[in-house]
Amino acid sequence: MAEIVKKATRQSYGEALAELGAQNENIVVLDADLAKATKTEIFQKKFPERFIDCGIAEADMMGIAAGLASCGKIPFASSFAMFAAGRAFEQIRNSIGYPHLNVKIGATHAGISVGEDGATHQCCEDIALMRSIPGMVILNPADDVEAKAAVRAAAEHEGPVYLRFGRLPVPVINDEATYKFEIGKGVTLAQGNDITIIATGLMVERALAAAKELKEQHHVSARVINIHTIKPIDREIIVKAAKETGKLITVEEHNVIGGLGDAVCSVVCEECPTQVIKMGVQDTFGCSGPALELLEVFGLGVSHIVRTVLDNL
Amino acid sequence: MNEQMEHTLRQKACQVRMGVIEGVYHAKSGHPGGSLSIADLLTYLYFQEMKVSPEDPKAAGRDRFVLSKGHCAPVLYSVLALKGFFPQEELSHLRHVGALLQGHPDMKHIPGVDMSTGSLGQGISAACGMALNAKLSKEDYRVYTVLGDGEIQEGQVWEASMFAAHHKLDNLCVIVDNNGLQIDGRVDDICSPGDIAQKFRAFGFHVISIDGHDFSQIEAAFAQARQTKGMPSAIIAKTIKGKDVSFMEDNGAWHGTAPNAEQYEIAMNDLKAVQEALEGPQA
């Protein structure tokens, strides 16, 4: 059996930026003193003249990105999700969202898998915040292949995009040679008729593992859908699954309030009322600990998904 | 500055002030006080200083203007209308449903508006981004931004100031409208910034303090800012809130209040008197 390759999507972000920088001279990258952690330093080393470290001033960084975008640049403004979506929310809303400027926000260290730094740095509210801004596209890739594709798609998209990346190295589940990424299109990764698991980000790989276990050990056929674009969400794939399999289980490394689960709920409650069980961080703050342990503590392990499916059949 | 030029600018500034009153009166809301205090500065910027053209409002090499104190949109709109970016009559539809002119500057729809602003402290960051873009792209346009003296209480202003000095944005000119009043009272009573000139100097700016209603001083300040290399400039303009409207001058109550019909008449008469006084010696 081939060894599982793992990579953090923040690493993919930095690598993709460096590739894009060679292709498009309008791409500029901004950071707020976290280039080593967000991995924008990979871009910085290749294109120092197009890398702007704004210092520890996220609000200012978003405004600078807006000004650059108004002059035709394609800025990728980078920080941890907490300080990008959280601290600079209003700058994103008013200086980027309202004028619909072509700024890409690269938010790394999202979710509780930040790990040891604990609750102040574990942003589980960013999707909710960004969903509420009109015209904002939200991409939450599952692995290295998808993260790089998402960065490329964001650069081609005209308008603001929020990209969500993780700190924790996660298994690569997509095949680079064949993978096609389209903003707004969900991906069915496993067919199934008994129930549907809709996952996003690093929970996609866990959902797939759960589906495999359900099939092999419990003879349950669970469909797995990867929603990499939280907004605009793929309504069609969700409604189809609801009609064909009944119950939906959403799984995300984000507060169950305002994230993928709520986005799915709002689709099905309008189009085909269906029960949705929302797995995620249950409206609590995180805590310190190793990332993999925390995912178990917060009920986001493979076994939790399996149990939730079995309990809801 | 020669007398003829000064005379022309004063006439234009008076027309700009009338446009402010017209707009705010018809909107039944808005911010006349701080609009009137920067009418002379904006008139000078748009009719003397900046390379902008109503025929090509988005020309790549144009100078940029960001009204960081976005609530003073009425004066920006009035000067843009006078310059020909859109018809003067739009001013009387200000803040109406479906109208072109939003309560705060909207770059997506209003010709001549370079940045959407309104949330204080944010415009100066965008202006830094525009100035940085000129450096990155080796273009020679300049960027101007007007801040309120109350606005500089926002921390983001100082984040941006640090950035501007660090990146030697000598194509950036910050103008502080030092009218001394904010919504809740005198700036020095609410949360005083202390010596504003000293603060910007400490942050690495070339600082020029002027009377914001004296066109000769305004001209000299912008010329000095243009000649300053290696650092951004800050013009601290001492102004009178509500300038040239008798009952609004230096009166904080007119920060965000629209005149009623009677007050509108008085305000317009005040401005007509200024206009007539200017026409007198010319006639």
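Counting starts from 1 at the beginning of each chain's written sequence and moves along it residue by residue. Chain labels run from A onward and ligand labels from 1 onward, assigned in the order the entries are written. Restriction of local features to residues with pLDDT of at least 70 applies here, the model being predicted, together with a cutoff of 80 or more for giving and counting side-chain atom pairs; totals for whole chains, interfaces and linings are based on all residues. Here the side-chain values reflect all heavy atoms present in the structure, with hydrogen atoms and water set aside.

Trainee: What am I meant to see in the overall build of chain B here?
Mentor: Going along the chain from the N terminus, every DSSP run of H or I of four or more residues is numbered as a helix, and every run of E of two or more is numbered as a strand. The secondary structure content of chain B amounts to ten helices and seven strands. With C-alpha atoms as the basis for the radius of gyration, the globule rule is written as 2.2 Å multiplied by the number of residues raised to the power 0.38. The C-alpha radius of gyration of chain B comes to 18 Å, within 12% of the 19 Å expected for a compact globule of 283 residues. Each principal axis of the C-alpha distribution contributes one length, and for chain B these read about 50 × 45 × 45 Å. Whether a residue is buried, partly exposed or exposed follows from its accessible area with a 1.4 Å probe, protein chains only, as a fraction of its type maximum: under 20%, in between, or over 50%, in that order. Here chain B holds 283 residues, and the buried ones make up 57% of them. In this analysis, two residues are considered to be in contact whenever any of their non-hydrogen atoms come within 4.5 Å of each other. Considering only contacts in chain B between residues 6 or more positions apart, those separated by 24 or more positions represent 76%. Per-residue accessibility takes into account occlusion by the displayed protein chains alone, with areas from the Shrake-Rupley method and a 1.4 Å probe. Within the structure as shown, chain B displays about 10700 Å² of accessible surface, and the carbon and sulfur contribution to it stands at 50%. Taken together, the 25 basic and 35 acidic charged side chains of chain B have centroids lying 7 Å from each other. His is not counted here, nor are the chain ends, while Lys and Arg score as positive and Asp and Glu score as negative. Lys charges are placed at NZ, Arg charges at CZ, Asp charges at CG and Glu charges at CD.

Trainee: Explain the nonpolar core here, please?
Mentor: Most often, soluble globular proteins have nonpolar side chains that are buried together. Only buried Ala, Val, Leu, Ile, Met, Phe, Trp, Tyr and Cys residues count toward a nonpolar core, and they belong to the same one when joined by side-chain atoms within 4.5 Å. Counting 139 residues, the largest nonpolar core has A:Ile238, B:Tyr46, B:Phe65 and B:Phe200 as the members making the most contacts within it. Looking at which element gives the most residues to this core, the answer is helix H1 (residues 3-27) of chain B, with nine residues. Core analysis: the second largest hydrophobic core is formed by 32 residues, A:Ile197, A:Ala199, A:Leu214 and A:Leu294 among them.

Trainee: Explanation requested: the domain arrangement of chain A in the structure shown.
Mentor: Frequently, the measure chosen for interface size is the accessible area that the parts lose on association. Residue and element names in this part refer to chain A. Annotation comment: domain bounds sourced from an automatic or database domain assignment. Its domain assignment divides chain A into domain 1 (6-171) and domain 2 (187-312). Measuring from the centre of the C-alpha atoms in domain 1 to the corresponding centre in domain 2 gives 25 Å. Counting residues at the interface gives 31 residues for domain 1 and 34 residues for domain 2. Of the roughly 2400 Å² buried at the junction of domain 1 and domain 2 (both faces included), carbon and sulfur atoms supply 59%. The term buried area means the drop in 1.4 Å probe accessible area that two parts suffer when joined, counted for both and summed.

Trainee: In this structure, what is going on with the interface of chain B and chain A? I would like to understand it.
Mentor: Counting from both sides, the interface comprises 25 residues of chain B and, opposite them, 25 residues of chain A. Carbon and sulfur atoms make up 59% of the area that chain B and chain A hide from each other, which totals about 1900 Å². When a carboxyl oxygen of Asp or Glu lies within 4 Å of a side-chain nitrogen of Lys or Arg, that pair is called a salt bridge. Where chain B packs against chain A, one counts zero salt bridges. Side-chain atoms alone can form a polar contact between residues adjacent in sequence; in general such a contact is a pair of N or O atoms within 3.5 Å, and within protein one must be able to donate a hydrogen while the other accepts it. At the boundary of chain B with chain A, the tally comes to nine residue pairs in polar contact (both at pLDDT 80 or more). If you list the elements that add at least two residues to the side of chain B that touches chain A, you get helix H5 (123-136) and helix H6 (155-166) of chain B. Examining the composition of the side of chain B that touches chain A, we find that eight residues originate from one element, H5(B), more than from any other.

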